[in-house]
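The residues making up each chain are set out below.
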Amino acid sequence: MSPCFVLAAICGPAPAPPAPAPPAPAQASVELRITSVDEGDAKLLEQSLRRELSDRLLQDGYRVVPSGEAASVGVWVHVGREGARVQTRGAQPRVETIAAGDPEVVVLEVLQLTTALVDEARPPELVPAAVAPRPAVALELDGEALDPQLRERLQVGLLERGFALTRQPTAHDRRLCMVATGEALTVHVTAGDRACESDASATPVAAGETLELRRALLLDGAAAALAAWTPTPTTIRERAPVDDEPASALATDPPL
């Protein structure tokens, strides 16, 4: 008997390689567009909706991308003199309107209607992208900030600067870590699948003389930190898929 047969008889066949881990489920994405008809009350309502609607969609587990980017669901909210129109594009496109009224009530109605329409327009089966999408940003705040709207305003500012957002980051994404102590703030970035821990590279953000200036300086610092961060070999992981359902531009219906 040849040595190779003897070895096979003693040791048995070589073990099969382990099966690859199943891919993470695809994350539905929403392209969010909010417009208004003028600079008056409609513009103020638009600004409120920008903050609250993006935050609500993130809470609901969606990945929110800037206007004009491909997504599994497209949302266009237009605030006019007669009320608000909510238009979605996806598996089941819809257009609904809400009559003008008390701004707080209109915002609440738009939030409820939009989240329901997004759930309805979401494709029943998400197809993982063949190529990993552009990384999204998960914003994490720690400490006590003096600005109660800090998170919502930062989210809006990052979307306006072209960053996608998520509350369920993968290794492919980035986690933006902010530590607030009164007016003092520091910023650093890490991989999306890592926790925000103490980091010697954290950058302090200058405190502005006014609330608006502090917000602007913080947004500048956050955007600069995100742009400068590059993953190290130890932060690179297998990328989890994100849905690749394209969302074409929404129909340009006339404003209300």
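Below is a short write-up of the structure.

Rules used throughout
Residues numbered from 1 in each chain as written. Predicted model: local features only at pLDDT ≥ 70, side-chain atom pairs only at ≥ 80, totals over all residues. Heavy atoms only, no water. Helix = DSSP H or I, 4+ residues; strand = E, 2+ residues; numbered from the N terminus. Buried < 20%, exposed > 50% of the residue type's maximum accessible area, 1.4 Å probe, protein only. Areas by Shrake-Rupley, 256 points an atom, 1.4 Å probe, with all protein chains shown as cover. Phe/Tyr/Trp six-rings, centres within 6.5 Å; stacked < 30°, edge-to-face > 60°. Lys NZ or Arg CZ within 6 Å of the ring centre and 35° of its normal. Disulfide = S-S within 2.5 Å. Pairing = 2+ DSSP bridges.

1. As for the overall build of the protein
Assigned secondary structure in the protein consists of five helices and 10 strands. Out of the 256 residues belonging to the protein, those deemed buried represent 42%. Summed over all atoms, the accessible surface of the protein reaches about 13,800 Å², with 56% contributed by carbon and sulfur.

2. Here's the deal with the packing of aromatic side chains
Summed over the entire model, instances satisfying the criterion amount to zero aromatic pairs. A cation sits over an aromatic face here: Arg-85 above Trp-76, 4.8 Å from the ring centre.

3. Here's the deal with the state of the cysteines
If you walk through the whole model with that rule in mind, you get one disulfide. Paired by a disulfide, Cys-177 and Cys-196 hold their sulfur atoms 1.9 Å apart. Judged by the sign of its S-S torsion, about -80 degrees, the cystine formed by Cys-177 and Cys-196 is left-handed. Taken together, the residues Cys-177 in strand E8 (residues 174-182) and Cys-196 in the loop between strand E9 (184-191) and strand E10 (203-205) connect sequence positions 19 residues apart.

4. Some words on the pairing of strand E5 (residues 94-99)
Pairing geometry for strand E4 (residues 83-89) and E5, over six bridges, is antiparallel. Bridged to Gly-83 within E5 is Ala-99. Joining the antiparallel neighbours E4 and E5 is a turn of four residues.

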